[in-house]
Amino acid sequence: METTEITVVGMGYVGMATAMALARHMPNVTCIGEAHPSGSQKDTRSTALFPDSITLLRNLGVWQNLESVCRPLRGIRLIDETRTLFRAPEVTFRADECGMDALALNVPNAALHEALTARIAQTPNIECAAGGAVIDIAYAKDTIHVRLENGSCIQTRNLVAADGRNSLARAAAGIGVKSWSYNQVAIACALTHTAPHHDISTEFHRPAGPLTIVPGPSSDPHHTSHLVWIETPQDAQWIGTLDNDAFCSCLEERLQGLLGMIKTAGPRGLFPIKGQTARTFAARNTFLVGEAAHVIPPIGAQGMNLGFRDVTGLGAALSGNTTTKDAMALYNEDRRNDVWMRTTAVDLLNRSLTTPYWPAQALRGVGLHALNSVPALKRALIQAGFGN
């Protein structure tokens with residue numbers, strides 16, 4: 001049986017990008033996973049992609065198929081609705097404060113999936129293995145044996161785990177995770193509304209968690225947005241049972257007229273908010289990317305962008321003449337600090353909204369006051385947060 005150099009387990013957004021990035025440095029890359037994951041073409045959500053994610057997709061030959069469907073995010077507005085003693089000022093981060101045209105570009109998930117799928121099919125040195133899902137992974141001295149549903153087996157020297165938060169590949173490599181949960185559920189859907197959003201994303205910081213409106217790409221882009229509304233599990237379940245008119249009315253009240261009248265709301269998804277980080281990002285010739293490596297709350301659009309940063313880091317670690325041992329060390333070093341910094345920032349922001357303790361509330365208020373009054377500090381945060 002022939003042994004391949006590297007195999008990517010998982011064909012989601014990050015898995016496909018990983019395979020294409022590795023194919024630029026390696027003669028053959030094997031992928032395992034469905035080319036069209038169930039429901040992916042019906043995904044009505046969108047993702048705000050940061051500049052470094054766009055650079056990656058452009059280098060992979062994917063971005064040119066997305067330019068016509070994306071929407072610029074020119075600013076992020078934070079409104080404190082926590083009703084605490086230490087209420088923070090309203091703060092808006094604008095792209096032009098850093099000489100940028102946009103902080104991010106919002107792309108429909110379905111279009112992103114379609115562009116990745118089309119491009120991976122055009123890459124000659126990527127082989128997509130038939131045989132169904134992975135059912136077992138075993139480690140020998142110099143190879144990793146990956147067994148599929150139909151009984152076939154792939155031998156590979158290196159493995160990339162891109163198979164999600166419940167990763168079989170991660171578990172087979174013996175890599176543990178640190179997991180935590182929040183008493184929160186996110187409600188996500190697309191909206192149409194009568195007032196324009198002016199390409200500004202708005203976050204209402206509320207005691208239950210953020211309520212975020214993101215400019216949405218569509219045929220009527222100024223009046224389409226995407227919603228991520230975080231509530232307690234009890235309130236989220238109640239909101240999830242409302243009919244369309246009652247839901248729109250409830251949301252209008254929470255938005256205080258920001259988007260005028262909410263005309264329509266698309267299918268709603270409810271997602272429990274959890275966090276998870278792998279204890280190491282590479283071991284036993286196995287590299288973790290995407291949600292196999294980290295899961296963070298849907299705040300600040302960090303999730304998929306962090307996965308694409310994994311792809312860039314892995315490509316850099318495996319390029320050149322480095323040994324696998326050296327590549328694992330380089331990748332671990334690159335991802336450890338980046339993931340920790342971004343995960344910690346999102347976690348602290350989220351907990352600062354829900355905590356009843358006044359010192360944490362005061363620290364958050366003071367921090368936002370400083371950002372609002374010190375332009376250099378605000379510019380530094382924009383550049384760090386959006387990956388420039």
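Procedures and definitions
- Residues numbered from 1 in each chain as written.
- Predicted model: local features only at pLDDT ≥ 70, side-chain atom pairs only at ≥ 80, totals over all residues.
- Heavy atoms only, no water.
- Helix = DSSP H or I, 4+ residues; strand = E, 2+ residues; numbered from the N terminus.
- Buried < 20%, exposed > 50% of the residue type's maximum accessible area, 1.4 Å probe, protein only.
- Contact = heavy atoms within 4.5 Å.
- Areas by Shrake-Rupley, 256 points an atom, 1.4 Å probe, with all protein chains shown as cover.
- Pairing = 2+ DSSP bridges.
- Axes fitted to C-alpha atoms, helices over the stretch in contact; angles between N-to-C directions.
- Salt bridge = Lys/Arg side-chain N within 4 Å of Asp/Glu carboxyl O.
- Disulfide = S-S within 2.5 Å.
- Core = buried A, V, L, I, M, F, W, Y, C linked by side-chain atoms within 4.5 Å.
- Parallel < 35°, antiparallel > 145°, perpendicular 65-115°, else oblique.
- Left-handed = near helix turned anticlockwise from the far one by under 90°.
- Phe/Tyr/Trp six-rings, centres within 6.5 Å; stacked < 30°, edge-to-face > 60°.
- Lys NZ or Arg CZ within 6 Å of the ring centre and 35° of its normal.

1. Quick word on the overall build of the chain
- Assigned secondary structure in the chain consists of ten helices and 20 strands.
- Buried residues in the chain amount to 54% of all 388 residues.
- Considering only intrachain contacts with a sequence separation of at least 6, the fraction spanning at least 24 residues in the chain is 72%.
- Roughly 17400 Å² of accessible area belongs to the chain as shown, and the carbon and sulfur atoms make up 54% of that amount.

2. Side note on the sheet that holds strand S3 (residues 46-49)
- Strand order in the open sheet formed by three strands is S3-S7-S4, and the pairing between neighbours is antiparallel. Looking at strand neighbours, the two that pair on one side only are S3 and strand S4 (71-73), the edges of this open sheet. This sheet shows a mean twist of 30° between the axes of neighbouring strands, independent of strand direction.
- With three bridges joining them, S4 and strand S7 (residues 104-108) adopt antiparallel strand pairing. When the sheet's bridge partners are listed, Leu73 is paired in S7 with Ala104.
- Packed onto the sheet, helix H3 (residues 109-121) meets S3 and S7 and runs at close to 80° relative to S7.

3. Digging into the pattern of salt bridges
- A full pass over the atoms with the stated rule returns twelve salt bridges.
- Residue Arg335 pairs with Asp310 through a salt bridge whose shortest N-O separation is 2.7 Å. Taken together, the residues Arg335 in helix H8 (residues 324-354) and Asp310 in helix H7 (residues 303-318) connect sequence positions 25 residues apart. Here Arg335 matches Asp310 in class, with each residue buried.

4. Structural notes on the state of the cysteines
- A complete count under the given rule lists zero disulfides for this structure.
- With no disulfide of its own, Cys189 has Cys248 as its nearest cysteine by sulfur position, at a separation of 7.9 Å.

5. As for the pairing of strand S14 (residues 209-215)
- With seven of seven residues buried, S14 lies mostly within the body of the structure.
- The turn linking strand S13 (residues 200-206) back onto S14 is made up of two residues.
- Alignment of S14 against strand S15 (residues 224-231), held across five bridges, turns out to be antiparallel. Note that in S15 the partner of Ile213 across the bridge is Leu227.

6. Observations concerning the nonpolar core
- Ranked by internal contacts, the top residues of the largest apolar core, which has 78 residues, are Val29, Leu57, Trp63, Leu66, Leu116, Val146 and Phe308.
- No other element matches the nine residues that helix H1 (residues 13-23) contributes to this core.
- Sequence-distant contacts of Val29, defined by excluding residues within four places in its chain, comprise Ile6, Val8, Ala19, Leu22, Ala23, Asn125, Ile126 and Glu127.
- Listed in part, the 21 residues of the second largest apolar core include Leu211, Leu227, Leu255 and Ile262.

7. Points about the packing of helix H2 (residues 51-59) against H7
- Axis separation between H2 and H7 bottoms out at 9 Å; the angle between their running directions is 50°. By the angle between their axes, H2 is oblique relative to H7. For the element pair H2 and H7, the recorded crossing hand is left-handed. In this structure, H2 uses Asp52, Ser53, Leu56 and Leu57 to contact H7, whose residues at the interface are Asn305, Phe308, Arg309, Val311 and Thr312.

8. Focus: the packing of aromatic side chains
- Enumeration over the complete set of coordinates arrives at two aromatic pairs.
- In this structure, Lys178 packs its charged tip against the face of Trp180, placed 6.0 Å from the ring centre.
- Above the plane of the ring of Phe247 lies Arg268, whose end atom (NZ or CZ) is 4.2 Å from the centre.

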